[in-house]
Every structure is written in C-alpha cells, then in structure tokens.
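Examining the three-dimensional arrangement
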Amino acid sequence: MARLIGGVGSSHVPAIGNALEQGLQTDPYWKPFFDGYKPVWNWMEDKKPDVAILVYNDHGLNFFLDTMPTFAIGAAAEYQNADEGWGLKPLDPFQGDPEFSWHLIDSLVHDEFDITMCQEMLVDHGFTVPMSLMWPNQDTRDQVKVIPLCVNVVQYPFPTAQRCLKLGEAIGKAVASFDKDLDVVILGTGGLSHQLDGERAGHTNREFDTEFLEKLKDEPEWLLKYSNYELAKIVGPQGVEMIMWLIMRGALGGNIRELSRNYHIPISNTAAGVILFENDAV
Ligand code: DHB
Ligand code: FE
C-alpha cells in the first residue's frame, strides 16, 4: 500500500526560482529564508519519497479566468513548464504517475469531490518553485514523480477552507488505498500573507501568519472561522493561497509530528513560511 510519509507547507514566490538559479542561498537577503529549508532538504534526502502530490494554484498559465476549475488534478505522464514572463529558465519536464493520478481522481470523485481531470497540463511557478525548493539538485528532483493538484484561489468564488481540509482528508484516504508500495509526500504551497497589487500592495500580517503556523498541527480548523473574503482583508487577496496548506494538513490525519518551521518577511513582497510534518501513523 502507498504511505503518506509527510507533508510540507511552503511559499512559492517566483523570485525564489531566480535565486536558486543564481545560487544566492547564502546571500544576506536570501540566507534567512533558505536556511529554513535545510531540515526539509535533510528529510527528503533521508526519506527519498517516490511521489509528491503538489497542491498549488495556476496563476494564468494553464487556466485563465474564462475557464477556472475549482480542483484540477494532472493525469499526464509528464508535465512541462513554460515562460510566464518571470525570466525563469524552462526546467526539464517533471515525470508524472498516471496510474496513481487516476486512482486519486477515481477515489476523490467517489468521495463526491468533482475533480477536473487533466491529461495535459502546463505547470507554472506555483508548481516549479516548490519542486526546485524541495529538491534543489536536479538528479534527486528527477527521481520524484509528481501529481499536480491545482486549486482555484484566483477567480472568486474560491473553495472554502473547510472544503480544502476535507479534500485533504479524502486524499489521505485515497493514498492509503493505492495498492502499490510507494512513499508519498504532500506539499501545500502558496502564501503566506501577501498582496501583490492595489493601494495596499506589499501588505503582510506577521501576527496572523504566526498563529496560522502555530495552529496548523493540532487545530487546523482555526482557519475555518474566516471566510475567504475576510481572509483577503487579513492576509491580502493573494495570501488566501494559504488555504491550500489545509489540503496538505487534512491529508496527514491526526498522528503527525512537526519537525521544523521557518517564517521570514519579506521575500519579494511576500511573507514566506515553511513547515515540515512527519506522519507517525505510517
Ligand atoms: C508572487 C507571486 C506569487 O504567486 C506568490 O504566491 C507570491 C509572490 C510575486 O509575484 O512576487
Ligand atoms: Fe502564488
């Protein structure tokens, strides 16, 4: 059976991709951010997961405002990125696992989640930056198969935080019922607080982010008391991406350990967070 061995919450700011490409990990601006990933790098090196389910939002590369699925899962043999105008070098294609994708889709649809299934899917910085962050070394990155899970946090109405938490729980169940000996990690990406445009561009909220990180392990329901409209005011319209971390958290179930956490402002205009959970239940 497949085992969900752990989960990571991480920001996906495009500038991180540029910093990695230019080897700026020890540059004074970047060091406090990248140092927070050392425990994640060590953990990945030690655990060597076979598959990563990567929860992110497409920012207009594969889906645009005219057609916006709430939840979309890739079922392709490989995924390519493409230029979004950030100047990020195109990366080698990421290897998919269509059989596992179809199992997840089948299980989730039978659990009453209406999933958009994508046999072709371009992946943007929301996907590629976390991949480069988790596995900065191309050789190790190439050994991890990927399942992209795309969430609409771009065009209102977004799914509720509660729906995200429940989707995570259903993913946990779906992984556990896949009859293959695979170690799986789930990555919830986006956030933390940030606002990219408008009069309040650059808005962050350290106090709220800190409480979110503090509650994520034992009380993820804490976030559910805020609607997405309220969250947009509190953490910025793009900061609402943090609801995708609840999908990661929901998938892991009740028996987890927090192994590391880091929080740093600013990266670009964004409050950047990372948290690593290990699943004790497997
Ligand atoms: C930026 C873009 C993102 O998608 C994000 O989550 C944070 C920051 C940016 O353009 O800087
Ligand atoms: Fe984003």
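The paragraphs below set out a description of the structure included in this document. (Residues numbered from 1 in each chain as written. Chains lettered and ligands numbered in written order. Predicted model: local features only at pLDDT ≥ 70, side-chain atom pairs only at ≥ 80, totals over all residues. Heavy atoms only, no water.)

A short note on unusual backbone geometry
For the record, the criterion: Put simply, DSSP marks the helices as runs of H or I at least four residues long and the strands as runs of E at least two long, and each gets a number from the N terminus on. Residue burial is assigned from relative accessible area. The probe radius is 1.4 Å, only protein chains are included, and a residue is buried under 20% of its type maximum, exposed over 50%, and partly exposed in between.
In this structure, leucine 192 follows glycine 191 across a cis peptide bond, with omega equal to -15 degrees. The topology assignment puts leucine 192 in the loop between strand E9 (183-189) and helix H8 (206-216). In this structure, proline 266 follows isoleucine 265 across a cis peptide bond, with omega equal to -10 degrees. Mapped onto the elements, proline 266 comes out in strand E10 (residues 256-267). In this structure, lysine 48 is a non-glycine residue whose phi angle is positive, near 45 degrees. With respect to the secondary-structure elements, lysine 48 resides in the loop between helix H3 (38-47) and strand E2 (51-56). The backbone of serine 268 shows a phi angle near 55 degrees, a positive value even though the residue is not glycine. Assignment of secondary structure puts serine 268 in the loop between E10 and strand E11 (270-279). Given the relative accessible area of 41%, serine 268 is considered partly exposed.

Regarding the environment of phenylalanine 100
By the secondary structure assignment, phenylalanine 100 is in helix H4 (residues 98-110). Taking C-alpha positions, phenylalanine 100 is 27 Å from valine 154, a pair spaced 54 residues apart along the chain.

Description of the sheet that holds strand E6 (residues 116-118)
Rule in force here: If DSSP finds at least two bridges between two strands, the strands pair. Only C-alpha atoms enter the line fits that serve as axes; for helices the fit covers just the stretch in contact. Angles between N-to-C directions range over 0 to 180 degrees. The contact criterion used throughout is that any non-hydrogen atoms of two residues lie within 4.5 Å.
The strand order E6-E3-E8-E2-E9-E1-E11-E10 describes an open sheet built from 8 strands, whose pairing is mixed. The open sheet has two edge strands, E6 and E10, and neither has a second partner. Strand-to-strand, the axes of this sheet are offset by a mean angle of 20 degrees, without reference to chain direction. Inspection of the sheet shows E10 paired to E11 by 9 bridges, in the antiparallel sense. Considered in E11, the bridge of arginine 257 is made with glutamate 278. Its contacts with the sheet place H3 against strand E1 (3-10), E9, E10 and E11, and it is angled at close to 35 degrees to E11.

Comments concerning H4
To keep it simple, the criterion reads: Any helix carries an expected span of 1.5 Å times its number of residues minus one.
The terminal C-alpha atoms of H4, which comprises 13 residues, lie 18 Å apart, in line with the 18 Å expected from a rise of 1.5 Å per residue. Residues Phe100, Ser101, His103, Leu104, Ile105, Ser107 and Leu108 constitute the buried set of H4. Where H4 terminates, the next one or two residues include glutamate 112, which has phi positive at roughly 75 degrees.

A short note on the side chain of serine 107
Relative to the helices and strands, serine 107 is located in helix H4. Setting aside chain neighbours within four positions, we find serine 107 in contact with Ala174 and Ser177.

Some thoughts on the site of ligand 1
What counts, and what does not: Near residues are defined by distance, with any heavy atom within 4 Å of the molecule or strand qualifying the residue. In the analysis that follows, any N or O atom pair within 3.5 Å is treated as a polar contact, provided that within protein one partner can donate a hydrogen and the other can accept it, and provided that, for residues neighboring in sequence, both atoms belong to side chains. Note on areas: Shrake-Rupley with a 1.4 Å probe; residue coverage comes only from the protein chains shown.
Around ligand 1 sit His12, Val13, Pro14, His59, Trp86, His125, His194, Leu196, Glu241, Ser268 and Thr270, and those are all the residues in its vicinity. Within the contact set of ligand 1, an oxygen atom lies 2.7 Å away from a side-chain nitrogen or oxygen of histidine 59. At 3.1 Å, a side-chain N or O of histidine 194 approaches an oxygen atom of ligand 1. Bound to the protein, ligand 1 loses 92% of the 290 Å² it would expose on its own.

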